[in-house]
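Below, each chain spelled out in residue letters.
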Protein chains: 2
Amino acid sequence: MSVETAKQTRKKMVYAFGGPGRAEGEGDMKILLGGKGAGLAEMTNLGIPVPPGFTITTEVCIEFYNNGKKWPEGLEEQVKEGLKRIEELMGAKFGDPDNPLLLSVRSGARVSMPGMMDTILNLGLNDQAVEGLARKTNNPRFAWDCYRRFIQMYSDVVLGVDHDHFEKLIQARKDQKGVKLDVELDAEDWKALVAQYKELVLRETGKPFPQDPWEQLKGAINAVFDSWNNPRAIKYREINGIPHDWGTAVNVMAMVFGNMGENSGTGVAFTRDPATGEKRFFGEYLPNAQGEDVVAGIRTPYPVSELERRMPEVYKQLEEIYKKLENHYKDMQDIEFTVQEGKLYMLQTRSGKRTARAAVKIAVDMVHEGLIDKKTALLRVDPKQLDQLLHPMIDPKAKYEVLAKGLPASPGAAVGRVVFTADDAEEWAKRGEKVILVRSETSPEDIGGMNVAQGILTSRGGMTSHAAVVARGMGKCCVAGAGDIVVDEEARRFRVGNVVVKEGDWITLNGTTGEVILGQVNLVEPSLAGEFAELMSWADEIRKLGVRANADIPRDAKVAREFGAEGIGLCRTEHMFFAPDRIKAVREMILADDAAGREKALAKLLPFQKNDFIGLFREMQGRPVTIRLLDPPLHEFLPQEEEQLQELSREMGVPVEKLRDRVESLKEFNPMLGHRGCRLGITYPEIYNMQVRAIFEAACELAKEGMTVVPEVMIPLVGTKKELEVLRKNVERVAEEVMAAAGVKLEYRIGTMIEVPRAAVTADEIAQVADFFSFGTNDLTQMTFGFSRDDAGKFLGAYLEQEILPADPFQTLDQEGVGQLVRMGVEKGRAANPNLKTGICGEHGGDPKSIEFCHRVGLTYVSCSPYRVPIARLAAAQAQIKYPR
Amino acid sequence: MSVETAKQTRKKMVYAFGGPGRAEGEGDMKILLGGKGAGLAEMTNLGIPVPPGFTITTEVCIEFYNNGKKWPEGLEEQVKEGLKRIEELMGAKFGDPDNPLLLSVRSGARVSMPGMMDTILNLGLNDQAVEGLARKTNNPRFAWDCYRRFIQMYSDVVLGVDHDHFEKLIQARKDQKGVKLDVELDAEDWKALVAQYKELVLRETGKPFPQDPWEQLKGAINAVFDSWNNPRAIKYREINGIPHDWGTAVNVMAMVFGNMGENSGTGVAFTRDPATGEKRFFGEYLPNAQGEDVVAGIRTPYPVSELERRMPEVYKQLEEIYKKLENHYKDMQDIEFTVQEGKLYMLQTRSGKRTARAAVKIAVDMVHEGLIDKKTALLRVDPKQLDQLLHPMIDPKAKYEVLAKGLPASPGAAVGRVVFTADDAEEWAKRGEKVILVRSETSPEDIGGMNVAQGILTSRGGMTSHAAVVARGMGKCCVAGAGDIVVDEEARRFRVGNVVVKEGDWITLNGTTGEVILGQVNLVEPSLAGEFAELMSWADEIRKLGVRANADIPRDAKVAREFGAEGIGLCRTEHMFFAPDRIKAVREMILADDAAGREKALAKLLPFQKNDFIGLFREMQGRPVTIRLLDPPLHEFLPQEEEQLQELSREMGVPVEKLRDRVESLKEFNPMLGHRGCRLGITYPEIYNMQVRAIFEAACELAKEGMTVVPEVMIPLVGTKKELEVLRKNVERVAEEVMAAAGVKLEYRIGTMIEVPRAAVTADEIAQVADFFSFGTNDLTQMTFGFSRDDAGKFLGAYLEQEILPADPFQTLDQEGVGQLVRMGVEKGRAANPNLKTGICGEHGGDPKSIEFCHRVGLTYVSCSPYRVPIARLAAAQAQIKYPR
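Basis of the calculations
- Residues numbered from 1 in each chain as written.
- Chains lettered and ligands numbered in written order.
- Predicted model: local features only at pLDDT ≥ 70, side-chain atom pairs only at ≥ 80, totals over all residues.
- Heavy atoms only, no water.
- Least-squares fit on C-alpha atoms with pLDDT ≥ 70 in both.
- Contact = heavy atoms within 4.5 Å.
- Buried area = accessible area lost by both parts, 1.4 Å probe.
- Salt bridge = Lys/Arg side-chain N within 4 Å of Asp/Glu carboxyl O.
- Polar contact = N/O pair within 3.5 Å; in protein donor to acceptor, adjacent residues only side chain to side chain.
- Helix = DSSP H or I, 4+ residues; strand = E, 2+ residues; numbered from the N terminus.
- Phe/Tyr/Trp six-rings, centres within 6.5 Å; stacked < 30°, edge-to-face > 60°.
- Lys NZ or Arg CZ within 6 Å of the ring centre and 35° of its normal.
- pLDDT = per-residue confidence, 0-100.
- Buried < 20%, exposed > 50% of the residue type's maximum accessible area, 1.4 Å probe, protein only.
- Pairing = 2+ DSSP bridges.
- Axes fitted to C-alpha atoms, helices over the stretch in contact; angles between N-to-C directions.
- Core = buried A, V, L, I, M, F, W, Y, C linked by side-chain atoms within 4.5 Å.
- Left-handed = near helix turned anticlockwise from the far one by under 90°.
- Nonpolar A, V, L, I, M, F, W, Y, C, P; charged D, E, K, R; others polar.

Enquirer: Would you mind showing me how to read the relation of the copies chain B and chain A here?
Expert: Note: a rotation about an axis with an accompanying shift along it relates these two copies of the chain. The transformation that overlays chain B on chain A combines an axial shift of 0.1 Å with a rotation of 179 degrees, and the residual RMSD is 0.4 Å. Both chain copies can therefore be described as sitting about a two-fold axis. If distances are taken from each C-alpha of chain B to the rotation axis, the shortest is found for N670 of chain B, at 2.1 Å. Of the residues that chain B buries at the interface, 100% are likewise interface residues in chain A, meaning the two copies contact each other through the same surface.

Enquirer: What am I meant to see in the interface of chain B and chain A here?
Expert: It is common to report an interface's size as the accessible area lost on association of the parts. With 50 residues of chain B in contact, the opposing surface of chain A contributes 50 residues. Summed over both sides, the interface of chain B with chain A buries roughly 4400 Å², with 57% coming from carbon and sulfur. Between chain B and chain A we count 4 salt bridges in total. The salt bridge involving R758 of chain B is made with E816 of chain A; its shortest N-O contact spans 3.4 Å. There are 34 residue pairs in polar contact (both at pLDDT 80 or more) connecting chain B and chain A. Looking at the side of chain B that touches chain A, the elements that each hand over two or more residues are α25 (656-666), α26 (678-683), α28 (721-742), α29 (757-761), α31 (777-785), α32 (793-801) and α33 (818-832) of chain B.

Enquirer: Quick question: what am I supposed to make of the packing of aromatic side chains here?
Expert: Aromatic ring pairs are reported here in terms of the distance separating the ring centres and the angle at which the planes meet. Applying the stated criterion across every chain yields a total of 44 aromatic pairs over all chains. Connected via pairs of aromatic rings, a cluster forms that spans F785, F787, F795 and Y799 of chain A. It is K12 of chain B that lies over the ring of Y15 of chain B; its NZ or CZ is 5.0 Å from the centre. Here R548 of chain B stacks its cationic end above the ring of Y861 of chain B, 4.1 Å away from the centre of that ring.

Enquirer: Which parts of the structure should I look at to understand the confidence of the model for chain A?
Expert: A low pLDDT means the predicted coordinates there should not be read in detail. In this model, chain A carries an average pLDDT of 91, and 98% of its residues clear a pLDDT of 70 or more. Prediction confidence for the complex, expressed as pTM and ipTM, is 0.82 and 0.82 respectively.

Enquirer: Teacher, can you tell me more about unusual backbone geometry here?
Expert: For residues besides glycine, phi is generally negative; the peptide bonds are generally trans as well. Residues and elements named next belong to chain B. One non-glycine residue with positive phi stands out, namely N122, at about 65 degrees. Relative to the assigned elements, N122 resides in strand β6 (residues 119-123). Notably, N288 is not glycine yet its phi reads approximately 45 degrees, a positive angle.

Enquirer: For this particular structure, what's the right way to read the side chain of H675 of chain B?
Expert: In this fold, H675 of chain B is placed in the loop between α25 and α26. At 2.8 Å, the side chain of H675 of chain B forms a polar contact with the side chain of T683 of chain B. Beyond its immediate chain neighbours, meaning those up to four positions away, H675 of chain B contacts K794 and F795 of chain A together with P633, L634, E668, L680, T683 and Y684 of chain B.

Enquirer: I'm lost on the pattern of salt bridges in this one. Help?
Expert: Pairs may arise between side chains of opposite charge once their charged atoms sit close together. Residue and element names in this part refer to chain B. A full pass over the atoms with the stated rule returns 130 salt bridges over all chains. Residues R173 and D189 are paired through a salt bridge, measuring 3.1 Å at the closest nitrogen-oxygen approach. Residue R173 is found in helix α7 (residues 163-177), and its partner D189 is found in helix α8 (residues 187-205); the two are separated by 16 residues along the sequence. Take R173: its relative accessible area is 18%, and that puts it in the buried class.

Enquirer: Explain helix α19 (residues 466-474) of chain B to me, please; I cannot follow it from the model alone.
Expert: Helical geometry: 3.6 residues make up each α-helical turn, so side chains three or four residues apart lie on a common side. Residue and element names in this part refer to chain B. The element α19 is largely enclosed, with a buried count of 8 among its 9 residues. Looking only at α19, the buried set comprises A467, A468, V469, V470, A471, R472, G473 and M474. Where the residues of α19 are buried, they touch β15 (407-410), α18 (447-452), β18 (455-458), β19 (477-480) and α21 (554-562). Looking one or two residues beyond α19, the residue adopting positive phi is G475, at roughly 70 degrees.

Enquirer: Which parts of the structure should I look at to understand the sheet that holds strand β28 (residues 625-628) of chain A?
Expert: Either a parallel or an antiparallel arrangement is found when strands of a sheet pair, and the pairing is made through backbone hydrogen bonds. Residues and elements named next belong to chain A. One closed barrel accounts for 8 strands, arranged β26-β27-β28-β29-β30-β31-β32-β33; its pairing is parallel. Taking the axes of each pair of neighbouring strands and ignoring which way they run, one obtains an average angle of 25 degrees across the sheet. Both strand β27 (residues 568-572) and β28 contribute to a ladder of 3 bridges, which runs parallel. Counted as the bridge partner of R572 is R628 from β28.

Enquirer: Quick question: what am I supposed to make of the nonpolar core here?
Expert: Soluble globular proteins: nonpolar side chains tend toward being buried together. Among the nonpolar cores identified, the biggest contains 290 residues, and F613, F617 and F696 of chain A together with F613, F617, F696 and I715 of chain B are the most heavily contacted of them. In contact with F696 of chain B, not counting residues within four places along its chain, are P711, V713, A735, V738, M739, L746 and Y748 of chain B.

Enquirer: Hey, could you run me through the sheet that holds strand β29 (residues 711-715) of chain B in this one?
Expert: All names here are of chain B. A barrel is described by the order of its strands in space; here 8 strands give the closed sequence β26-β27-β28-β29-β30-β31-β32-β33, paired in parallel fashion. Within this sheet the neighbouring strands show an average axis-to-axis angle of 25 degrees, counted without direction. Relative to strand β31 (residues 772-775), strand β30 (residues 749-754) runs parallel, the two sharing 4 bridges. Looking across to β31, one finds that M753 is bridged to S774.

Enquirer: Would you take a moment to explain the environment of V826 of chain A for this structure?
Expert: Residues and elements named next belong to chain A. The topology assignment puts V826 in helix α33 (residues 818-832). The class of V826 is buried, set by a relative accessible area of 3%. With 11 residues separating them along the chain, V826 and K837 place their C-alpha atoms 9.2 Å apart. Non-local contacts of V826, meaning those with residues more than four positions away in its chain, are made with F775, V857 and L859.

Enquirer: Just to check I follow, could you spell out the packing of helix α7 (residues 163-177) of chain A against helix α8 (residues 187-205) of chain A for this structure?
Expert: For any two helices packed against each other, the geometry comes down to the angle between their axes and how far apart the axes lie. Residues and elements named next belong to chain A. Packing of α7 against α8 brings their axes to within 10 Å, and their N-to-C directions diverge by 145 degrees. In this structure, α7 meets α8 at a crossing whose hand is right-handed. Residues H165, F166, L169, I170, R173 and K177 of α7 form the contact with α8, whose participating residues are E188, D189, W190, A192, L193, Q196, Y197, L200, V201 and E204. A per-class count over the contact of α7 with α8 returns 9 nonpolar, 2 polar and 5 charged.

Written out as structure tokens, the structure reads:
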């Protein structure tokens, strides 16, 4: 024996649990024993009845793979010792023809990977033992059913014989007997089927079904190890970011049977209500059944109170156990148990999955109960889940059929009548109709219609398409890119397969799932008071990262404030340009031949913009408001279609040729990288000057009323210090002019978006002339990757599928690449200007993982759409708890 | 007197020169004395006759600005001392009514800023002194002309009275007398004008013209200081990268007069022929004239030999002097001299400007003459100038009229008959016609026509438009973006104002200047032998940076090799897709419904690609060839116009609806950031697989012939390690398959373009799976700035005008931003993979400034269009001389 293997024989590879006394493992040994194994050990140690068994460690699994799929030296010995202990405790013998011990073999990784790996039950049966089991239980049907289940499961998992082959044999038997259900088959049927099963296995594998229980056990353990690397497990780990080298443990446990008569049964329960969080024991119980039967859904289980009715003593014991477990784990538990002939066995305990509502209530309740502290409570709620609480939802009790599926582009649910143009939406809404705006894709001209619609449905575009981004900003339900839908806007109808939905038909959208439903489904409204508000107040106590909102109009600002935003991090002034009372002046400005003409048109826009800003400032009550000057290319404001051009020509009294020429001359090959942002400010200074004038006239007016206003003027798309320097001077000049005229002196800041890679790289230069940076990570992501957000749909799917990217970088900040530029921008910027304020205003500002990054990188604040403000507040608190700064 | 000013009084602020003995300064004191002052001092020290004078240092100028435009303490004293020395040497007195000393006051910065700052001549004249001068010279006309010139110049420069006012008075006088020329005015006329001039000055400035010579001198010195910061000087410095804080020196010198009769005169000369470089004294001489008269062009000067004819002794002296100067400065000199009544004075010497041809010849000749070493010779030629030598040029002696001007998009000149479509170009060329292809803009489909055309003219597009880039690649003359030209392709004609040019008309293009000329102009052919070849061989001895070429077809590769390329750094395989014999298969591939269909179409392309590569490899004779796999989005290969679609539909037997749908579905908002580059390789692996197969089949075939072939497969647009990892595996698989089938083992490399900012930022990751990086600085510049090359024309002009950018970043690498990413990419890449080869293949690879950057940053090679290879070789040598590595 080499030194290496000598070491291995000394290494403990098998940990016993169950039965009297302490287990060999403990609850905090998840890394070694896996979640299930650690839970079983912990329950044993708490004196809770667990069937005896043992856990083979995850280290063995790793060793198994490193070792060419061979068992490490000494494992066999330790497994056999473990087996012996079970035999002694159960008073039965593995493979004994008269009194056979049956085992379950289950995987159990460090974190739960539900359904990803394999399980084998009733192991240890063979042609002799089945007879013994029949005699011992006095129940031949039970025994033969167990055996055929075992052959079926084992053959599928270990021997690779397809499950279907077996099901076909059962079906043939039922057909032959003229029955429909499995329960209608008797012991003889199962016995005959076992014979057929064995023939099948011989035929398919070339070998007889293994009769040696030890061989069975070794095969099962190996199969569990193998299942760690089956394709669906690998995929699951990749999706969930679980390392491939963790390995799985294997739990071998004495079988207990809930299907041994009316004093047997099986159940699953939660220590609190997983839907509402209410503090009540909540679960299901199925008498005379095995766990499998519950899952299969053949029989409808009773509420767990049925157990109380049938066996009050057992129920009382269960009650004590669940309370003990919850108190011990200080979290709501999801437990599995089996009653075998009046004796209770616990098979599993783990933290229970719950709805957002329940998560919040349980966390807050447990703080009040003294079980956990506030920090723990904050970590218990997944910020992403909060979305569920902030929007109307489809009534969980409602039944409906899904017509089509798109992307869950903006959460919440909406019911309304279908319209196909923004104008129709506004018209219908004006007469009190609830509408859903359906378009192949939306454009900035649709803003008005989107605004009045209950929800938006598009057949094209991704999670960051115009419809999706605007809808999220509005907190409005949106299903985008529903590819099965063919929209015919002219005919005012859409088609899904053979179903035609016409203007005025009712549909329901679920923006949280992407479902499109024909007809009206009941909705339930969100509630933001009570535990939710309490949890949020704790988050605010703890977090260091500020949370602002992206809001363009007073109504959005109001929502943002109600959701707890500490300011506006991004007001996109161009959204104000699209309103019908302004767009004409905007177009006049674009069509003007010179600066004088543009100034004339801009003068018409000034009062509108000023009023917009007055509204925003008022709504924000002294909180900072960051206003971004005009960003999109001018062609976005001109119509593109010939018909619209004709109309505009009539309306404005401008020859259609001139309009067409202008549209043509403004066309760009890559508008994303075109004449937009501060490039407009440099080439047409009068536009920015008007906007700055409007901002400061508004601020001065309110200042005279005694209100504090701190305008922050933000210049978009800056790539060089000189750009900001030139534009900063213009802003200062206009601001000083306006303030001098009003006789008011305001504090104000001038800063820039960092959204062009060059800006991040030269942040030390730019920071010299900036009071703040706001990382525009939408555009920064586009340019850093070279991905057009509008076009990336063509390959992003393949990229995610082939795992070239771990996540859609427009949803979760790419920390490795884009994040490196953000970090560089912050560090260089701060080094050059220690007073520099830094924020983020891309979509990422509402994504918890990205928020954690922003916290770690030291940003002053994140800014996100109003409806994501609570999510950001919670995520910021969690970031501070995990990485105190 | 404070300590501070006490210090200043001790500082030497005035340096005397001229007259007998040594000057106070020296030739290497350009920083303190400016170029002119240092030259005058050096000539003095060489014993060359220079009129006595003094230089006020550049430090005084800086002090002047720091001091609120006041003279530093002690300056007045030192100036007066200098003045006294001049008076003594000239035997005249400043302001003396009988024997007045006259002075010139000239600026002189560290580097020549021709015409940017001010000069005043004849200073010291007043109402008395003019009479004295008249008496002394016995030439009243001369005296009064001097005086009126002085008033005019001084009033303009120092007093701010517009030059035009004076010219109008002269004109009035001439009209009154009924004469046309200044020379027709006599002493009385000038005297009368002087009176009018003085009235004018009084009227315009409210003060009489200063009569005190000292006041005149102070005013003139201040005016020169002021002129350092006049707008045109500031602009000039910004364009030429001259720091604003250098300041200018002021040179005050005794006036000498070449206009005192037939034994006086003035001249300029070059010590060698500035056009050809021939070693012969070359210049012009104008008897009885002042320098002004030569510049004004009123009289035609004689060749300098005229001086020899008139005053052989003076000429001999001049000959000795110019030889002394050239030997002393070891460079061709541009000298100015004046003969006053038989006495020779040197007024200036400096390195002479020269043509590229002359620069090369002079540098090489001087090495052979033992005057300079090879390194100095290499530094003497501006690499950019070489362009002139590599292309046919318009005969310098030709006279012509310019019809329109566009951008000098690709150098050289071309003569041909106008055609308006690529097809016509090919047809006409086939029958032996020389054609110029004229289009509003070109697209990849025009490649064939561009290829056979003598030159290309477009009315739209910038320096980096398709036409410009492709033409430069082909070394073909191109004028792009000639905005005055209105092209009517259908009517087969173009119009410039009222001129209509029809198909078949002859035109001449000058791609070096952007000129478009009606008719045929004589061209001269380039010559690359002789001194040029010798200089290039020295460059190759010295440089460390490799030079490769971007070449797509064997013909380009041949040119590249002839120009000295050491390999191909970029072969754009997509250019091979556009040839008429292939485009059909390419379109079939794009229109295929699935991978199988695509593979079928690709199989048709395989033999073409293979032949292309065989041609390239053969031409490069074992030098490395980097082949970039397909890069552009697929829609570039489909026609866009309805008519073309109809044609394609008939041709391919595919319903036009299907074509239209496919075109529609491939459309992108921002194709630059769309479905292209390695994204195609990931989503349609069969395309790259075909290309790789073609590369290796070609290489194996040649290897069997005994040729060394080192294919380098380059994956474009990589942004993440995983992309390259996946694609690398595919390349390796196909390569190994092909080599195994051929029974050949080749060395090959797999690398990537670094052109997406993310790739530069994560270069340490990517380098783990790359054998080489090639920085694609065209795209990297686009994405780092967020500038679409095709759209930036809309604002780039304003950016350059307003000096927001120092240069077009698509022509000269933006070292501060894009360069930082390149540096990061190289450093991170090398750290992760020490064997990594690094190159650059953007347009910048042929720009001398950018090449210097590439050298400093440690790249292995640059790759540029074949016609820029000599430029790159020279620039690389210069970089090594300046920054040895």
